[in-house]
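# Coordinate inspection notes
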Amino acid sequence: MAHVKDVAEYFLYLDDQNDGDGISNLKLQKLIYYAQGFYSAIFGSALFDSSIVAWTHGPVVTDLYHEYKHYGKSRIPEPRNIDHKKLNSNETEIIEEVFEVFGQFTAWKLRNMTHEESPWLNHADSVDEIPLSEMTDYFKTRIQ
């Protein structure tokens, strides 16, 4: 199982390698949420073991949020010395697919998308953990 920071760093790496517009903390949180959801729907287990909670602006991994909050709304730079060997091929494949599909959207577009999805809607305004089982069930309906 991956560590959530390794997943985040891989998203930042992908954005840099693809000359992306940059990833803010808000956008990173949504990409992490989508990666967890699709991974669990496809493989039947969590991509990472950190909890995702329902915050005002959508799903958030609290520790990861605090790791990058000092960047505010700005682009988070690609970390130095990323060890890609920390992620296995299934993990990198899902992260790459999520980046390809969702990485093109702005942070606010992703935020609005999560606000229309049942995992967040079921826990909105509660700051509760969004159970992985709910995410798995929801994302199974999104796999084509």
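Residues numbered from 1 in each chain as written. Predicted model: local features only at pLDDT ≥ 70, side-chain atom pairs only at ≥ 80, totals over all residues. Heavy atoms only, no water.

## Some thoughts on a nonpolar patch on the surface
- Together, Ile42, Phe43 and Ile143 give the surface a local cluster of nonpolar side chains, amounting to about 240 Å² of exposed area.
- For phenylalanine 43, the location among the structural elements is in helix H2 (residues 25-43).
- Its relative accessible area of 35% is what places phenylalanine 43 among the partly exposed residues. (Patch = residues over 30% accessible without salt bridge, like charges linked within 9 Å, V, L, I, M, F, W, Y side chains within 5 Å. Areas by Shrake-Rupley, 256 points an atom, 1.4 Å probe, with all protein chains shown as cover. Salt bridge = Lys/Arg side-chain N within 4 Å of Asp/Glu carboxyl O. Helix = DSSP H or I, 4+ residues; strand = E, 2+ residues; numbered from the N terminus. Buried < 20%, exposed > 50% of the residue type's maximum accessible area, 1.4 Å probe, protein only.)

## Some thoughts on the side chain of glutamate 9
- Positionally, glutamate 9 belongs in helix H1 (residues 4-17).
- Ignoring any residue separated from it by four or fewer positions in sequence, one finds glutamate 9 in contact with Tyr68, Pro79 and Ile82. (Contact = heavy atoms within 4.5 Å.)

## With respect to the layout of surface pockets
- A volume near 360 Å³ is recorded for the largest pocket.
- If you trace the largest pocket, you find 15 residues lining it, with Asn25, Leu26, Tyr65, Gly72 and Lys73 closest to the centre.
- Contributions of two or more residues to the lining of the largest pocket are made by H2 and helix H5 (107-114).
- Counting residues per element, the lining of the largest pocket draws most heavily on H2, at four residues.
- Looking at side-chain class alone, the lining of the largest pocket contains six nonpolar, six polar and three charged residues. (1 Å grid on protein atoms, 1.4 Å probe; cavity = no way out; pocket = protein on both sides within 12 Å on 5 of 7 lines; lining within 4 Å. Points joined across faces, edges and corners; volume = space filled by probe spheres on them. Nonpolar A, V, L, I, M, F, W, Y, C, P; charged D, E, K, R; others polar.)

## A short note on the nonpolar core
- Core analysis: the biggest nonpolar cluster contains 39 residues, and Val7, Phe11, Leu28, Ile32, Tyr34 and Val98 have the highest contact counts within it.
- Contributions of two or more residues to this core are made by H1, H2, helix H3 (62-68), helix H4 (89-102), H5 and helix H7 (132-140).
- At nine residues, the largest contribution of residues to this core is made by H2.
- With near-sequence residues (within four places) excluded, phenylalanine 11 lies in contact with Ile23, Leu28, Leu31, Ile32, Ala35, Ile95, Val98 and Phe99. (Core = buried A, V, L, I, M, F, W, Y, C linked by side-chain atoms within 4.5 Å.)

## Description of the side chain of threonine 136
- You can see threonine 136 is positioned in helix H7.
- A polar contact of 3.0 Å, which involves the side chain of threonine 136, links it to the side chain of serine 40. (Polar contact = N/O pair within 3.5 Å; in protein donor to acceptor, adjacent residues only side chain to side chain.)

## Looking at empty space enclosed by the protein
- Tallied over the entire structure, the rule returns one cavity of 30 Å³ or more.
- Its boundaries defined by the atoms lining it, the largest cavity holds a volume of some 30 Å³.
- Taken together, Leu12, Asp15, Asp16, Ile23, Arg75, Ile76, Pro77 and Glu78 form the lining of the largest cavity.
- A per-class count over the lining of the largest cavity returns four nonpolar, no polar and four charged.

## What about the packing of H2 against H5?
- Running from N to C, H2 and H5 point in directions that differ by 45 degrees, and their axes come no closer than 8 Å. With respect to each other, H2 and H5 are oriented oblique. The interaxial crossing formed by H2 with H5 has left-handed handedness. Facing Leu26, Lys27, Lys30, Leu31, Tyr33 and Tyr34 of H2, the residues of H5 in contact are Ala107, Trp108, Leu110, Arg111, Met113 and Thr114.
- A breakdown of the residues in the contact of H2 with H5 according to their chemical character gives eight nonpolar, one polar and three charged. (Axes fitted to C-alpha atoms, helices over the stretch in contact; angles between N-to-C directions. Parallel < 35°, antiparallel > 145°, perpendicular 65-115°, else oblique. Left-handed = near helix turned anticlockwise from the far one by under 90°.)

Honestly, it's all geometry; don't read function into it.
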